[in-house]
Amino acid sequence: MSEAVSRVGVVGAGQMGGGIAEVSARAGADVLVWEATEELAAGGRARILKSLDRAVSSGKITERERDQAAERLTFTTDLADFADRQLVVEAIVENEAVKAEVFGKLDEVVTDPDAVLASNTSSLPIQRIATATKNPGRVLGLHFFNPVPVLPLVEVISSLSTSEAAAARAEQFASEVLGKQVVRATDRSGFIVNALLVPYLLSAIRMYESGFATAEDIDKGMMLGCAHPMGPLKLADLVGLDTVKFIADAMYAEYKEPTYAAPPLLLRLVEAGYVGKKSGRGIYEYPAK
Ligand code: 3HC
């Protein structure tokens, strides 16, 4: 097997990319993060540092560990800087054309033939992303869960073209370097977790929209009646209503079943820009602290 991954690239420093960069740096990897502009890179860095501070406050890491993790993180706006990376995880907008362009470019610049090019996509077929490269054997899905520093799962998704060596290297990174639990999923929209979770979130939004119960009672019902850490409407806001809609649309396109159809309230909230916690308003309101 190839040597363990110690040089990681993360494309995108948003909610998911920032989390992946943070856990990788905390685990000792040298992490290079790409963002489109210096300003976005600075914002991403600030969010990661805030999250590292939170880990110090809750006693998960020491101040020294925080400082060491921060030192392992560097930022760039040029994908060509990823030439020496052993694993790159892409976590940008769920737009197939944009992802295809990024993977085409990564495939050109990343020189190690054993390097793994991974997408954190929630729902796009890995096969279609892989096809944008000349080396589809090294392309796979590596799907993390939000908040990345807290949730212990990573889904590893092989396309029909992914080599077992690439899948094994990614799995080894997730389990042995990051200390996450790994499940392997087939390249079908939603993989394992979102294929089950998103219809549930959509059902909760439909239930709320129809006046069946209040948002608070729907969430309370599932938290106290099923011991979920968070109710479905709060969770939809946390994931981002734009992301929920995107995954629902992708799954609807793949399976053509009404259970995956986005309800009108979800469409209106996204159209209004009320996409959940990250925008300050979604199904609930989140006053700025
Ligand atoms: N970053 C880092 N750490 C965080 C965090 C964040 N954004 N949010 C919470 N935490 C940590 C806290 O520091 C705290 O740590 P401690 O126990 O060591 O002190 C711990 O998590 C618990 O946090 P809180 O006490 O503040 O709040 P809760 O107990 O309500 O937990 C939660 C918050 C961890 C978000 C919990 O409610 C939860 O696990 N919710 C479910 C999340 C979930 O289902 N995520 C999956 C979404 S699906 C997905 O991501 C896939 C994608 O493709 C859509």
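If you look the protein up in an unreviewed UniProt entry, it shows as 3-hydroxyacyl-CoA dehydrogenase from Tsukamurella tyrosinosolvens. For the protein, the Pathway (unreviewed entry) comment in UniProt is given as "Lipid metabolism; butanoate metabolism." Check the Sequence similarities (unreviewed entry) section of the UniProt entry for the protein; it says "Belongs to the 3-hydroxyacyl-CoA dehydrogenase family."

Draft legend 1. Representation of the site of the ligand in the model. Near the ligand there are 19 residues, and of these Arg54, Lys60, His143, Asn146 and Asn194 occur at the shortest range. The contact in question runs from a nitrogen atom of the ligand to an N or O atom on the side chain of Arg54, over 3.2 Å. Ser122 has a polar side-chain atom sitting 3.1 Å from an oxygen atom of the ligand. A per-class count over the shell around the ligand returns eleven nonpolar, six polar and two charged. Of the residues that make up the shell around the ligand, three or more belong to each of domain 1 (7-186) and domain 2 (194-278).

Draft legend 2. Helix α10 (residues 241-255), seen in detail. Here α10 is 15 residues long and its end C-alpha atoms lie 21 Å apart, about the 21 Å a rise of 1.5 Å per residue gives. Buried within α10 we find Leu241, Val244, Ile247, Ala248, Ala250 and Met251. Contact partners of the buried residues in α10: α7 (193-209), α9 (232-239) and α11 (264-272).

Draft legend 3. The pairing of strand β7 (residues 153-158), seen in detail. Sheet analysis places strand β6 (residues 139-144) next to β7, joined by five bridges and oriented antiparallel. Pairing of Gly141 across the sheet is with Ile157, part of β7. Note that β7 and strand β8 (residues 181-185) share five bridges and pair parallel. Opposite Val156, over in β8, you have Arg184 as the bridge partner.

What counts and what doesn't
Residues numbered from 1 in each chain as written. Predicted model: local features only at pLDDT ≥ 70, side-chain atom pairs only at ≥ 80, totals over all residues. Heavy atoms only, no water. UniProt positions renumbered as here; feature names shortened; annotations may be inferred. Near = heavy atom within 4 Å. Polar contact = N/O pair within 3.5 Å; in protein donor to acceptor, adjacent residues only side chain to side chain. Nonpolar A, V, L, I, M, F, W, Y, C, P; charged D, E, K, R; others polar. Domains from an automatic or database assignment. Helix = DSSP H or I, 4+ residues; strand = E, 2+ residues; numbered from the N terminus. Expected span 1.5 Å × (residues − 1). Buried < 20%, exposed > 50% of the residue type's maximum accessible area, 1.4 Å probe, protein only. Contact = heavy atoms within 4.5 Å. Pairing = 2+ DSSP bridges.

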